[in-house]
Structures are given as structure tokens and as C-alpha cells.
Amino acid sequence: MGRYDEVYRRSLEDRDAFWAEAAEEIDWIKRWDKVLDDSNAPLYRWFAGGVLNTCYNALDRHVAAGRGDQPALIYDSPITGRLKSFTYAELTEKTARFAGVLAGLGVAKGDRVILYMPMIPQAVVAMLACARIGAVHSVVFGGFAPHELATRIDDCTPKAIVSASCGIEPGRVIAYKPMLDAAIAQASHKPDACVILQRPEQEAELTPGRDHDWKAAMDSAKPAECVPVAATDPLYILYTSGTTGQPKGIVRDNGGHAVALKWTMKNFYDIEPGEVYWAASDVGWVVGHSYIVYAPLLHGCTTVVFEGKPVGTPDAGVFWRVISQHKVRALFTAPTAFRAIKRDDPDGKLIGQYDLSCLRTLFLAGERSDPDTIQWAERHLKVPVIDHWWQTETGWAIAGNPMGIEQFPVKYGSPTKAVPGWDVQVLGPDGHPVAPGDMGTLACKLPLPPGSLATLWNAEQRYVDAYLTEFPGYYMTGDAGFIDADGYVSVMTRVDDVINVAGHRLSTGGIEEVLCNHEDVAEAAVIGAADTLKGQLPVGFVVLKAGVAKPEAEIVAELVRLVRAQIGPVAAFKTAVVVDRVPKTRSGKILRGTMKKIADSEEYRMPATIDDPAILDEIGEALRGVGYAKG
Ligand code: COA
Ligand code: AMP
């Protein structure tokens with residue numbers, strides 16, 4: 001039996017001992033009473049009775065252990081030209097001080113704090129400061145519009161919001177503060193206080209009585225100590241797209257999260273404490289939470305906060321510059337970033353300009369890795385390229401090549417095998433596992449390992465309904481795929497209305513809701529059409545109300561503006577077509593899957609239940625008009 005087989009088997013068959021051993025890597029204030037509390041199944045709690053502090057484990061303990069002078073965080077911002085490094089001692093001091101700022105504003109254990117921040121070190125400081133005082137952070141990605149922020153404010157009712165005066169995108173400064181003000185005005189819940197970091201690129205006007213200047217507050221704050229929290233207390237809420245416009249608030253606990261993430265650093269990523277680990281993502285996404293902030297710091301690594309893009313800041317060589325300059329051991333990013341680099345520098349000429357001998361591995365996740373992108377990266381970087389599959393809900397990888405345990409030969413298109421802790425199965429519609437190689441819904445047998453979602457914020461029943469009900473005893477991932485006879489998992493598509501645009505997860509239902517709000521629109525459908533750069537791009541179909549006289553092009557332009565204003569630029573919604581009707585089943589379900597196949601020029605079977613097959617020709621015609629369905 002290989003090492004993986006042994007570890008994998010133990011993780012499932014001797015689960016409690018396996019995770020109890022992993023938990024020894026975390027400093028506990030009080031050890032747990034039970035490794036897994038299954039008394040309320042299918043809702044499980046890890047390390048029940050345990051008490052710890054996540055911030056202490058990520059910062060203070062490393063200082064105590066002699067890592068105080070090691071860089072904890074390197075801020076590399078090609079977009080502003082700034083470069084700054086913070087040692088563990090410095091990051092601890094800043095975090096303790098900002099924890100003091102929050103405490104001074106009345107934020108206490110269990111209170112929620114929303115962070116709406118660009119990719120700057122203060123975002124990490126604010127997250128860890130919340131963890132330090134037991135407050136629950138909820139980071140909202142900067143590319144979301146005020147309406148999305150307002151939805152999250154109303155859902156998690158934060159005591160305070162932390163933001164910056166602006167974010168910086170190529171060629172433009174994005175004023176965050178007016179968006180924050182608009183969101184607070186829209187929301188029914190009002191935070192008691194906001195802390196605003198003034199950035200020199202564009203300062204913001206502060207609202208007297210509510211807003212506090214980050215720097216002034218830090219200067220006068222008293223550092224706060226770590227507060228003991230239960231292993232089962234929430235560390236953060238991270239909203240992600242579901243099938244409707246109402247996002248799901250994924251709740252992560254403190255104990256299981258710390259144990260699982262620490263375990264992954266050696267066992268999955270094969271990284272040692274003291275090494276430099278770079279996840280080129282954003283703190284607004286789960287990859288940023290887990291692998292820019294928590295895992296590398298829990299492990300005593302140096303993490304990189306990168307404020308830039310893979311191309312254009314200044315060129316497609318910036319990733320290589322950062323790797324060689326900071327001696328990065330492992331890079332983690334989304335395939336779309338590599339597609340962007342490959343498009344600008346197809347022969348990888350810029351790679352040759354840098355010494356990349358420090359780089360051991362490239363990890364890709366967030367969307368399906370197309371074989372072409374993996375092979376390009378392998379050819380030019382000459383290091384293993386590891387695709388791994390996971391979700392906001394799971395918090396860490398479900399399937400992938402566990403580099404610290406055993407490295408499997410790659411089969412392109414598959415992230416390889418289930419990661420220890422995850423009992424992945426492919427289920428048929430009857431809820432039974434299908435034969436190897438057959439397609440079905442990807443599901444994970446309960447209980448999920450530590451670090452996976454505990455519940456949905458304020459919506460336990462929605463958690464049960466959305467994930468645990470269709471296949472009793474399993475967590476339904478929302479992805480479909482197959483597992484071959486060698487145990488290799490392939491993730492092919494979503495089974496719901498979630499799409500993936502440049503590694504960002506979006507709800508077609510959410511975009512449809514916005515389109516339907518337009519006064520001239522009677523009905524809308526949105527699909528994710530294949531895109532060579534971003535993986536998928538949303539394409540909208542709208543049916544207009546009878547008697548609308550406005551030119552279609554004008555309406556389409558308004559719709560594009562509306563989605564940008566309501567959801568945000570991150571939706572990359574640029575294409576909509578006006579059609580007479582959208583294809584539906586006789587029971588009224590919109591045939592998005594068939595429309596997507598037409599857009600992508602794929603073969604499709606005429607759905608037996610379609611109400612009127614002729615509509616599909618009209619859809620094809622409309623799609624050809626906007627550059628799709630050509631093949
Ligand atoms: N604040 C405000 N606006 C933002 C933003 C932020 N934090 N992040 C992105 N946007 C805007 C962009 O400026 C862009 O606006 P535009 O329509 O005016 O051009 C829009 O949102 C879409 O952004 P993005 O998805 O970044 O696309 P892009 O065309 O600017 O760049 C890539 C394309 C491939 C370079 C980019 O998508 C990328 O770096 N992807 C990596 C994805 C990633 O890290 N995913 C995380 C999961 S691991
Ligand atoms: P998010 O929650 O934003 O991380 O998105 C999770 C979804 O992205 C998954 O459910 C998949 O649909 C997709 N995804 C993430 N990683 C991979 C991967 N390596 N291969 C295929 N799909 C992936």
C-alpha cells in the first residue's frame with residue numbers, strides 16, 4: 001500500500017485519531033472534549049469543548065517561538081509601486097493595535113465586522129484583529145457593487161465596517177467610500193462605526209460621528225490581547241453565490257479550520273515553516289481567506305499580498321518577478337490568470353528573464369484547469385502543476401495531488417484523487433454510487449472533515465435543504481463529474497445555476513433578478529457561455545414587455561449598466577440579446593443547459609419536454625449575432 005492509501009484510509013476509518021493528531025499542531029487554551037461531536041447529525045461540530053484563539057496561532061505563538069524577525073507578510077503592489085515587508089513581530093503588533101481599535105468601538109466577541117478592502121496589508125490585519133477579539137469577520141470582495149454589500153450588511157448585521165478610501169484597478173482609481181456610503185444607505189441595518197483607511201491615491205470624506213480614520217485610531221489605540229473562543233465559535237462568514245440573488249453566508253469555525261488548514265500546508269502543499277508561499281488571489285475569496293491569510297500564517301510561512309493583475313501591471317512577467325524577488329516556493333492561482341499570461345506571452349519569453357529556481361510547485365484552483373493551460377505552465381515553468389478542486393464551502397481542497405504525501409502521475413483534466421478526509425462519491429439520481437467512469441453528482445459522505453462549513457449564517461435550514469437533503473448522508477457539492485477506476489476525480493460542470501467567471505463564482509439567478517428589474521423586461525435568462533480567457537462569461541437573454549418602443553441596443557446598454565451597478569464589475573456582464581421568447585420545458589423551467597450548448601457550438605439533444613423546439617433556432621440566431629454559436 002502506498003503512503004497516500006494508508007493516510008487516506010486512516011483519515012476515514014480512524015477519523016478521530018487522525019484529526020486529533022493533526023490538532024496537536026495547534027496551540028489550545030483548553031483541549032477538546034470530543035474530536036467530532038455527532039450528537040446533532042447531519043450537523044457536526046469539530047473539537048467540541050476546545051478553546052483556542054486563531055490569531056494567537058497565526059501570529060503570537062510564532063513570535064514566542066523565535067520567528068519574530070521573520071517576514072510574515074510581503075506586500076508587493078505593482079499597481080502603486082509599493083513594496084513593504086512586515087515581520088511576525090510587526091504584524092502581531094499592528095494586529096493587536098487594530099484589535100484595540102475595534103474593541104474601543106465596542107466590537108466584542110461574537111459581533112460581526114464587515115471588511116470591504118482592496119489587496120493591502122491592512123485587510124489582513126483587520127481579519128486577524130477580528131479573530132483576536134473573537135469578532136466574526138465577513139470580507140466582501142471590492143469588485144462587488146453597493147447593492148451586494150447592502151445585502152450582506154443586512155444579513156450579518158455588522159457592528160462595524162472596515163474599508164479603505166479607494167481600490168486601484170489598471171488605469172483607474174475606484175472610490176470605495178461612496179460605494180460604502182450607498183450600501184449603508186440602502187441597508188436596513190446600520191453599523192455603529194466605520195474605520196476608513198485613507199490611501200494617498202484618493203482620500204475620502206469621513207462621515208462625522210460614524211467614520212474613524214484608520215491611522216488616527218491606530219495611533220491612539222491600546223493593543224488588545226487574544227480572547228479565548230470555543231473551537232466551535234464562528235471565525236468568519238464568507239458569502240458566496242447560490243442559485244438565487246440571496247448569497248449564502250458560509251460559516252467557518254475556529255478550531256476545525258485551524259487544524260485542517262495547518263495540516264494542508266505540509267501534507268498537501270509540501271511547504272515548510274519559514275518558506276514563502278504566494279496565493280495570487282484576493283482576500284475577498286475563499287482562496288484568499290485560506291491561503292493568503294490563515295494557512296500560511298498558521299504554518300509560520302511568509303505570505304505575499306499582491307496588489308496587481310497577472311498581466312498589464314506592468315506586463316505578463318510580473319508573476320515571475322515576484323517569485324524570483326521574494327523566493328516564492330509555491331504559487332497558487334486560478335487557471336484564468338495563466339490563460340491571461342499565455343495570451344500576452346505565448347512563448348513564455350518573459351519567464352526566461354527571471355531566476356525561478358526557488359519555485360517548487362504551481363497550484364491551480366477556482367475553476368476547471370484546461371489541459372492546454374496546465375501543459376503550457378509545465379513546459380515553461382518546469383515544475384509540477386497541481387490542479388485541485390475545492391469550494392468556498394469546503395475551505396480547502398477536496399481532490400488534488402497531495403504533494404507532501406505522494407505525488408501521482410497527472411491525467412490531464414483531473415485534479416487526481418480525493419484528499420485525505422474527503423470521502424468523495426459519484427451519485428446517480430437514485431442516490432446510489434454509479435460505476436467507475438460514469439457521470440453523476442459529486443457528493444462527499446458525511447461527516448465532512450474539519451475546516452469545512454459549519455452552517456449558513458442565520459439559515460441553518462437552508463444549509464440542510466441546499467446541501468444535505470437531496471442525498472441523505474452526503475454533502476452535495478453542486479458539481480458533477482466522474483471518478484475513474486484508478487480513483488481519479490474529474491469535475492466537469494455545475495449541476496445548478498452557478499457559473500464561474502475568471503475563477504469568480506456568480507449566480508445566473510442573481511443576474512436574472514437584476515435584468516428583470518428593468519422596466520422594459522418581461523422575462524430574462526442568463527447562461528455562462530464558454531470564454532477562452534475567463535472560462536465562462538455571462539450572456540443574458542431578455543424578452544421585452546409588449547409595446548416597448550425603445551431601440552433594443554439602448555435597452556441592452558442599460559442592462560449592462562444595471563448589472564454593473566447592482567452586482568458589480570466582477571460579473572463581467574457585457575452581452576445581452578433581445579429575443580421573442582426563451583426556451584422552456586412544458587412545466588416552465590428555462591432550458592439554460594441547452595442554450596449554453598448552443599452558445600458553445602456543442603451538440604445537444606432536443607429536450608423531450610421542450611414546449612416549442614423552433615425557439616432553439618431563434619436562440620442560435622440571436623447568439624450568432626453577438627459572436628457565439630458559430631461552430
Ligand atoms: N475592485 C473593483 N473592481 C474590480 C476589482 C476590485 N477589487 N476586481 C476586479 N474589478 C473589476 C475590473 O476592473 C474589471 O472591470 P472592467 O469591466 O471595467 O474592466 C472587472 O471587475 C472584471 O475584473 P477581472 O475579473 O479581474 O477581469 P479583468 O478583465 O480585469 O482581468 C484576469 C482578467 C484574467 C487578468 C483576471 O480575471 C484575473 O486576474 N483573474 C484571476 C482570478 C482570481 O484570482 N480568482 C480568485 C480565485 S483563485
Ligand atoms: P468557489 O466557491 O468560488 O471557490 O467556487 C467553487 C466552484 O468552482 C466549484 O464548485 C467548481 O464548480 C469550481 N472549481 C473550483 N476548483 C475547481 C477545479 N480544480 N476543477 C474544476 N472545477 C473547480
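First things first, this report covers the structure right here in the doc. (Residues numbered from 1 in each chain as written. Chains lettered and ligands numbered in written order. Predicted model: local features only at pLDDT ≥ 70, side-chain atom pairs only at ≥ 80, totals over all residues. Heavy atoms only, no water.)

**As for the sheet that holds strand β4 (residues 71-77)**
Either a parallel or an antiparallel arrangement is found when strands of a sheet pair, and the pairing is made through backbone hydrogen bonds.
In step 1: Taken in spatial order, the eight strands line up as β5-β4-β17-β16-β18-β19-β20-β21 in an open sheet, and their pairing is mixed. The open sheet has two edge strands with one neighbour each: β5 (82-87) and β21 (399-400).
In step 2: Judged from the four bridges that link them, β4 and strand β17 (residues 302-306) form a sheet pairing that is parallel. Bridging from a neighbouring strand, tyrosine 75 pairs with valine 305 of β17.
In step 3: Against the sheet, helix α10 (residues 286-298) makes contact with β4, β16 (276-279), β17 and β18 (328-333), and its axis sits at roughly 150 degrees relative to β17, the strand it touches most. (Pairing = 2+ DSSP bridges. Helix = DSSP H or I, 4+ residues; strand = E, 2+ residues; numbered from the N terminus. Contact = heavy atoms within 4.5 Å. Axes fitted to C-alpha atoms, helices over the stretch in contact; angles between N-to-C directions.)

**With respect to the site of ligand 2**
In step 1: Close contacts around ligand 2 come from 14 residues, with Asp387, Thr392, Asp479, Arg494 and Arg505 the closest.
In step 2: Contact distances for ligand 2 include 3.0 Å between an oxygen atom and a side-chain N or O atom of glutamine 391.
In step 3: The contact in question runs from an oxygen atom of ligand 2 to an N or O atom on the side chain of asparagine 500, over 3.3 Å.
In step 4: For ligand 2, whose free accessible area comes to 500 Å², the fraction covered by protein is 92%.
In step 5: Elements with a minimum of two residues in the shell around ligand 2: β20 (385-389) and β26 (489-494).
In step 6: If you tally residues by element for the shell around ligand 2, the top one is β20, at three residues.
In step 7: Here the residues of the shell around ligand 2 are counted per class, giving three nonpolar, five polar and six charged. (Near = heavy atom within 4 Å. Polar contact = N/O pair within 3.5 Å; in protein donor to acceptor, adjacent residues only side chain to side chain. Areas by Shrake-Rupley, 256 points an atom, 1.4 Å probe, with all protein chains shown as cover. Nonpolar A, V, L, I, M, F, W, Y, C, P; charged D, E, K, R; others polar.)

**A short note on the environment of phenylalanine 47**
In step 1: Among the secondary structure elements, phenylalanine 47 is positioned in strand β2 (residues 43-48).
In step 2: We classify phenylalanine 47 as buried; its relative accessible area is 0%.
In step 3: Residues phenylalanine 47 and arginine 31, spaced 16 residues apart in sequence, show a C-alpha to C-alpha distance of 8.0 Å. (Buried < 20%, exposed > 50% of the residue type's maximum accessible area, 1.4 Å probe, protein only.)

This is a description of form; function is not addressed.
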